[in-house]
Amino acid sequence: MIKDCDWIITQDERRRLLKKTSVLIRDGVIEDINRDLNGGDMIIAGKGKVLMPGLINTHTHISMSLLRGYAEDLPLDRWLKEKVWPIERKLTEKLCYVGALLGCLEMIRTGTTCLVDMYYHAGAIAKAVKKAGLRGFIGQGLIDTVSDDRTSDESLRESFLTAAYKTVKIIQELNDSKIKPIVAPHAPYTCSDELLMKSQVMAEEFDTLIHIHLTETRREQAMFQRNYGYSVVEYLDRIGFLNGKVLAAHCVWLTRRDIELLARRCVKISHCPISNMKLGVGGVSPIPELVESGVLITLGTDGPASNNTLDMFETMKIAALLQKHNRWDPSVINAQQILDMATVNASGSLGLGKIVGRVEKGFEADLILVDIRSPSLQPIHSSDSLIANLVYAAKGLSVDTLLVQGKPLMLKGVFQTLDEEEVYGLVEEALEELDIKPSSNS
Ligand SMILES: [Zn+2]
């Protein structure tokens, strides 16, 4: 029982806000929402708090938590080639597991209940997510070409595909209904047509999502235009890659035609404003036009090496500000639309639209309590200002309690499934292994 919440942001069909209301959860599912509720084996006090759906991060690489602050202030090309790729070559299953534990800790602390992740050693990441108790869609990143003409390296392709099938098997064996495998071809410029289409076959085989980076940089768009005479999106459509199973991260560089195509093929988007700004990709994803065309927009942090946090509250705020700033128009997007992206839109994009993303009877209890007895979250003038406060003023650290399927992963700021100190200890060891321990005089 979550008793007497000051407010509940339901995110239901009518976007109702309830005052002084309690929520009863049984077997992980919301059984009742009412003013006068009694019972419950465990009571969580909602006084001074806002109850809302847990946030959903639809694009990240949580193991990159280990690389937070390691590669800074470099152009994307040099960032990847000089810093990120060389260190990633040293990553082992164990290191990815440790990085993922740190990522889970941060997500729990900052109000994220569900993530979509693509990385190396994805089976190890899934194990960390299970240990943390979070909900996750996890895939092995796939790459088979590094040349501008996208010539496929067959042995590379086969080794990545083998790893991807192994990941699916590991996830199936975890036997956790909250953790699902996805297929994750890295990007059109790092995957040959063969690999892209094999990804489609695999997604069909396991009835799962395809997650891919798409038009993050102008360079990618220029490369396809030069080599094929089509934009990346048009090209992907011509080879039959685009469909409703695709969740595409970034989508910064798009033409009008691309937007129409993405809408027609029901492709979902994970907008990652902070990563785009920090890596200086130069463009701004045309969110207003995408929304107008009916494309489902969700939000992602991207990896902690290019953000540098997994705080979805921060991402919500920046997503709003970036569009307002870019269009010289504060009305181009509003707080409610942004909150929708991080909750109901995201659950819909993952096929969980009737399962999570709302505080509603029959929905699974993936919920967070935000402490509003805090200077930056007072006063609350009206229901509109409540949503505005959460999107523009709340921080991840404002989150007090987090539940997934009704199970508390954090209560009053105290972790319930992970041992914070133990994780920091493992991270120290991991840095030594990676040989990126900070120098003693720093
Ligand atoms: Zn990414």
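The structure displayed is predicted, hence computed values, not measured ones. Numbers given for residues are sequential positions, taken from 1 along each chain in its written order. Under the rules for a predicted model, residues below a pLDDT of 70 receive no local features and side-chain atom pairs below 80 are neither given nor counted, while totals for whole chains, interfaces and linings still include all residues.

What exactly am I supposed to notice about the overall build of the protein here?
Each helix and strand counted, the protein has 15 helices and 18 strands in total. We compute the radius of gyration from the C-alpha atoms alone; for a globule the expected value is 2.2 Å times N to the 0.38, where N is the number of residues. Taken against the 2.2 N^0.38 rule, which gives 22 Å for 442 residues, the C-alpha radius of gyration of the protein at 21 Å falls within 12% of a compact globule. Our contact criterion uses C-beta atoms placed from the backbone: two residues qualify when those atoms are within 7 Å. When contacts within the protein are restricted to residue pairs at least 6 apart in sequence, long-range pairs at least 24 apart make up 73% of them. Secondary structure is summarised from DSSP: a helix means a run of H or I of at least four residues, a strand means a run of E of at least two, and numbering begins at the N terminus for each.

I would appreciate a short explanation of helix 6 (residues 218-228) in the present structure.
In an α-helix, one turn spans 3.6 residues; hence positions three or four apart end up facing the same way. Exposure is read from a count of other C-beta atoms within 10 Å of each residue's own; the residue is exposed at 12 or fewer, buried at 20 or more and partly exposed in between. C-beta atoms are placed from the backbone. When we look at burial in helix 6, the residues that qualify are Glu220, Gln221 and Phe224. Seen end-on, helix 6 carries its buried residues on one side only, within an arc spanning 100°. If you follow the buried residues of helix 6, they end up packed against helix 7 (232-238). Regarding the arc, it is the one traced by the directions from the helix axis to the C-beta atoms.

Where do I start with the domain arrangement of the protein in this structure?
Accessible area lost on assembly of the parts is the figure often given for the size of an interface. Domain segmentation is taken from an automatic or database assignment of domains. Taken as a whole, the protein is organised into domain 1 (2-53 + 362-415) and domain 2 (55-349). Summarising the inter-unit geometry, the C-alpha centres of domain 1 and domain 2 are found 29 Å apart. Tallying the contact residues gives 22 residues for domain 1 and 25 residues for domain 2. Of all elements in the fold, only helix 14 (383-393), strand 16 (399-404) and strand 17 (407-411) reach the threshold of two or more residues within the side of domain 1 that touches domain 2. Each residue belonging to the side of domain 1 that touches domain 2 can be placed in one class, and the counts come to 15 nonpolar, three polar and four charged. Gly counts as polar in this scheme, as do all residues outside two lists: the nonpolar Ala, Val, Leu, Ile, Met, Phe, Trp, Tyr, Cys and Pro, and the charged Asp, Glu, Lys and Arg.

It is not clear to me how the pairing of strand 2 (residues 17-26) should be interpreted in this structure. Could you clarify?
On a regular strand, each side chain points to the face opposite its neighbour's, so the side chains alternate between the two faces of the sheet. Bridge count for strand 1 (residues 2-9) against strand 2 is five bridges, and the pairing is antiparallel. Bridge assignment links Ile8 to a residue of strand 2, and that residue is Leu18. Strand pairing is assigned whenever DSSP identifies at least 2 bridges connecting the two strands. Inspection of the sheet shows strand 2 paired to strand 3 (residues 29-34) by five bridges, in the antiparallel sense. Each bridged residue has a counterpart across the sheet, and for Ser22 the counterpart in strand 3 is Asn34.

I'm lost on the sheet that holds strand 12 (residues 246-250) in this one. Help?
Hydrogen bonding along the main chain pairs the strands of a sheet, whether they run parallel or antiparallel. Across the sheet, four strands lie side by side as 11-12-13-14; this open sheet has parallel pairing. Every other strand in the sheet has two partners, leaving strand 11 (210-214) and strand 14 (297-299) as the edge strands with one partner each. Averaged over all pairs of adjacent strands, the angle between strand axes in this sheet comes to 30°, irrespective of strand direction. Inspection of the sheet shows strand 11 paired to strand 12 by five bridges, in the parallel sense. Counterpart to Leu214 in the pairing with strand 12 is His250. Angles here are taken between N-to-C directions and fall from 0 to 180 degrees, while the axes themselves are lines fitted to C-alpha atoms, restricted in helices to the stretch in contact.

In this structure, what is going on with the packing of helix 3 (residues 122-132) against helix 4 (residues 154-174)? I would like to understand it.
A packed helix pair is summarised by two numbers, namely the angle formed by the two axes and the spacing between the axes. Helix 4 packs onto helix 3 with a crossing angle of 20° between their chain directions and a minimal axis gap of 8 Å. Compared by their axis directions, helix 3 and helix 4 come out roughly parallel. Crossing angle aside, the handedness with which helix 3 passes helix 4 is right-handed. Two secondary-structure elements touch here, helix 3 through Ala122, Gly123, Ala126, Lys127 and Lys130 and helix 4 through Lys166, Thr167, Ile170, Ile171 and Leu174. Angular relationships are summarised with four words: roughly parallel below 35 degrees, roughly antiparallel beyond 145, roughly perpendicular across 65 to 115, and oblique for the angles in between. Crossing handedness is read from the near helix: turned anticlockwise from the far helix by less than a right angle, it gives a left-handed crossing, and turned clockwise, a right-handed one.

Whenever I open this one, the packing of helix 2 (residues 93-109) against helix 15 (residues 420-434) confuses me. Can you help?
Running from amino to carboxyl end, helix 2 crosses helix 15 at an angle of 140°, the nearest separation of the two axes being 9 Å. It follows that helix 2 is oblique to helix 15 by the angle criterion. By crossing handedness, the relation of helix 2 to helix 15 is classed as left-handed. Across the interface between the two elements, Leu95, Val98, Gly99, Leu101, Leu102 and Leu105 of helix 2 pack against Glu420, Val423, Leu426, Val427, Ala430, Glu433 and Leu434 of helix 15. Per-class residue counts for the contact of helix 2 with helix 15 are ten nonpolar, one polar and two charged.

Before we go on, may I ask you to explain unusual backbone geometry in this structure?
The phi torsion of most residues other than glycine is negative, and most of the peptide bonds are trans. For the bond from Asn307 to Asn308, the omega torsion is 5°, close enough to zero to count as cis. Looking at the element boundaries, Asn308 is found in the loop between strand 14 and helix 11 (312-327). Located in the positive-phi region is His121, a residue other than glycine, with phi close to 50°. Mapped onto the fold, His121 is located in the loop between strand 7 (112-119) and helix 3. Phi angles above zero are rare outside glycine, and Cys266 is one such case at about 60°.

How should the nonpolar core be read in this particular structure?
The nonpolar side chains of a soluble globular protein tend to be buried, and buried together. In this usage, the nonpolar core is the set of buried Ala, Val, Leu, Ile, Met, Phe, Trp, Tyr and Cys residues whose C-beta atoms join them within 7 Å. Formed by 137 residues in total, the largest nonpolar core has its most connected members in Cys104 and Ile125. Ranked by the residues each element gives to this core, the list is headed by helix 2, at eleven residues. Looking at which domains feed residues into this core, each of domain 1 (2-53 + 362-415) and domain 2 (55-349) gives three or more.

Explain the environment of Lys166 here, please?
If you trace the backbone, Lys166 turns up in helix 4. Residues Lys166 and Met410 lie 244 residues apart in sequence; the distance between their C-alpha atoms is 31 Å.

Explanation requested: helix 2 in the structure shown.
An ideal rise of 1.5 Å per residue puts 24 Å on 17 residues; helix 2 measures up with 24 Å between its terminal C-alpha atoms. Phi for Gly111, located one or two positions after helix 2, is positive at around 95°. By definition here, a helix of n residues has an expected span of 1.5 Å times n minus one.

Please clarify how the environment of Asp27 should be interpreted in this entry.
Tracing the backbone through its elements, the reader meets Asp27 in the loop between strand 2 and strand 3. It is 8.9 Å that separates the C-alpha atoms of Asp27 and Glu364, two residues lying 337 residues apart in sequence.

Looking at this structure, I do not really get the environment of Val423. What am I missing?
Topologically, Val423 is positioned in helix 15. Beyond its immediate stretch of four places on either side in the chain, Val423 contacts Leu101, Leu102, Leu105 and Leu418.

Could you clarify how one ought to interpret the pairing of strand 17 in this entry?
Relative to strand 17, strand 16 runs antiparallel, the two sharing three bridges. Its bridge partner lying in strand 17, Leu403 is registered against Pro408. The turn joining strand 16 and strand 17, which pair antiparallel and follow one another in sequence, is formed by two residues; a positive phi near 50° is taken by Gln405. With two bridges joining them, strand 17 and strand 18 (residues 414-415) adopt antiparallel strand pairing. Its bridge partner lying in strand 18, Leu411 is registered against Val414. In this structure, the hairpin formed by strand 17 and strand 18 is closed by a connection of two residues, where Lys412 is found at a positive phi of approximately 50°.

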